[in-house]
Amino acid sequence: MKRIVTLQDISCVGRCSITVALPVISAMGVECAILPTAVLSTHTMFKHFTCKDLSDQIEPISQVWEEEQISFDGIYTGYLASEEQCSQVVRFFDRFGTEDNLILVDPAMADNGKLYAGFKDSFPQAMAQVCAKADIILPNLTEACLMTGTPYQTEYDPSYIHQLLEKLLALGCKTAALTGVSYQTDQLGVAYLTREGKEFSYFTRKCPVSYHGTGDLYSSTVLGGLMRGLNLGDALALAADFVVECIEATSRSKAARWYGVEFESQIPKLCSMVEQHLTV
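Residue numbers restart at each chain and count upward from 1, following the sequence in its written direction. Only residues with pLDDT of at least 70 are given local features in this predicted model, and only at 80 or more are side-chain atom pairs given and counted; all residues enter the totals for whole chains, interfaces and linings. Hydrogens and water molecules were not included; the side-chain quantities draw on all heavy atoms of the structure.

A. Seen up close, the side chain of Ser62. Looking at the element boundaries, Ser62 is found in helix H2 (residues 55-67). Classification of Ser62 by relative accessible area gives buried; the value is 2%. Each residue touching Ser62, except ones within four places of it in the same chain, is listed here: Leu35, Phe92, Arg95 and Phe96. Only DSSP runs of H or I reaching four residues or more are called helices, and only runs of E reaching two or more are called strands; each is numbered from the N terminus. To sort residues, take the accessible area from a 1.4 Å probe on protein chains only and compare it with the maximum for the residue type: under 20% means buried, over 50% means exposed, and anything in between is partly exposed. Any two residues having at least one pair of non-hydrogen atoms within 4.5 Å are treated as being in contact.

Here it is, written out as structure tokens:
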């Protein structure tokens, strides 16, 4: 069984970050270790929340793992709370990254043309240094524009997306996959470009509603698929289809919570979808 480690925060209630990554990746048949960067009572969309920064625990935990000769088949980062944590994660990559394992970075920091609350304007450049060390990065359009200094546009053509992917590769990563790509009003998808020039895109139906945490759900599913042996295109497509299933299930549910997507009820379907991809 493959083992990955994810470095991001824990929102004790809220269906995001580690509380999404751990159950989803585990359900896909992959061991999921965690290195929490912070503990929050709820995610920050709640009116009130507490937050305990765990930056001072990253180094001692890493040191113990190194002494115990613990290794990982994959390293996955999501929301990082500060530029200091970005630097710590870069050092973690240097410590535990190998030629044989996979580093996937979801630079979760912005959406809809602007940074999340609490981030300084200098933060995207710190995150760009994290992305430079990655095998695969999964930014949305806003995050990609902020890291590359590209004007954010809501209307664009394939050449704009291709140029943006080239700029992302110039940061240093091996493969850039851009999420939230849409050329038609009823479609939403992902496009990627590798250093070797391989291009791929996949689109699914665009849902009329949205929920918090779908980005974390998407990245976690992609990594789980890769660890199970799917190629990147299939893993990206699997994740897109699963997120749509979860959004639509949430919109139908009378018990749906406002603060996150209802992925738990769809985990059996995810397991079935994985097996279908593996048998094709």
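The rest of the description comes next.
B. Just the sheet that holds strand S8 (residues 136-137), in detail. Taking strand neighbours across the sheet as the criterion, the 9 strands line up as S3-S2-S1-S4-S5-S8-S9-S10-S11 in an open arrangement whose pairing is mixed. Because the sheet does not close on itself, it has two edges, and the strands there are strand S3 (51-53) and strand S11 (199-205). Direction of pairing for strand S5 (residues 102-105) relative to S8: parallel, over a ladder of 2 bridges. In the sheet register, Val105 faces S8, and the bridge partner there is Ile137. Paired strands, as defined in this entry, are two strands with at least two bridges between them according to DSSP.

C. Structural view of the packing of helix H1 (residues 18-27) against helix H7 (residues 214-227). Here H1 crosses H7 at 30°, and the two axes come no closer than 9 Å. The orientation of H1 relative to H7 falls into the category roughly parallel. The hand of the H1/H7 crossing is right-handed. Here H1 contributes Val20, Ala21, Val24 and Ile25 to the contact with H7, which in turn contributes Asp216, Leu217, Ser220, Thr221 and Leu223. Within the contact of H1 with H7, the residues separate by chemical class into 6 nonpolar, 2 polar and 1 charged. Lines are fitted to the C-alpha atoms to define the axes, a helix being fitted only along its stretch in contact, and any angle between axes, read from their N-to-C directions, falls within 0 to 180 degrees. Angle categories: roughly parallel below 35 degrees, roughly antiparallel above 145, roughly perpendicular from 65 to 115, and oblique for all the rest. Two helices that cross are described as forming a left-handed crossing if the nearer one is turned anticlockwise from the farther one by less than a right angle, and a right-handed crossing if clockwise. The nonpolar class holds Ala, Val, Leu, Ile, Met, Phe, Trp, Tyr, Cys and Pro. Asp, Glu, Lys and Arg form the charged class, and all remaining residues, Gly among them, are polar.

D. Just the layout of surface pockets, in detail. As defined here, a cavity is a set of points on a 1 Å grid over the protein atoms alone where a 1.4 Å probe fits but cannot get out. A pocket is an open set with protein on both sides within 12 Å along at least five of seven lines, and residues line them when an atom is within 4 Å of a point. Grid points are joined across faces, edges and corners, and a volume is the space filled by probe spheres set on the points. For the second largest pocket, the calculated volume is near 180 Å³. Along its surface, the second largest pocket is lined by 13 residues, and Thr98, Ile103, Lys133, Asp135 and Lys174 are the ones closest to its centre. Taken together, the residues of the lining of the second largest pocket sort by class into 4 nonpolar, 4 polar and 5 charged.

E. Geometry of the nonpolar core. By nonpolar core we mean a set of buried residues, namely Ala, Val, Leu, Ile, Met, Phe, Trp, Tyr and Cys, connected to one another through side-chain atoms within 4.5 Å. In terms of nonpolar packing, the biggest core is built from 46 residues, with Val5, Phe92, Val105, Met127, Val130, Ile161 and Leu178 touching the most fellow members. Once you skip the residues sitting within four places of it in the chain, Val130 turns out to touch Thr77, Leu80, Cys86, Val89, Val90, Phe93 and Val105. Formed by 42 residues, the second largest nonpolar core is a distinct cluster that contains Val30, Leu102, Val222 and Ile267.

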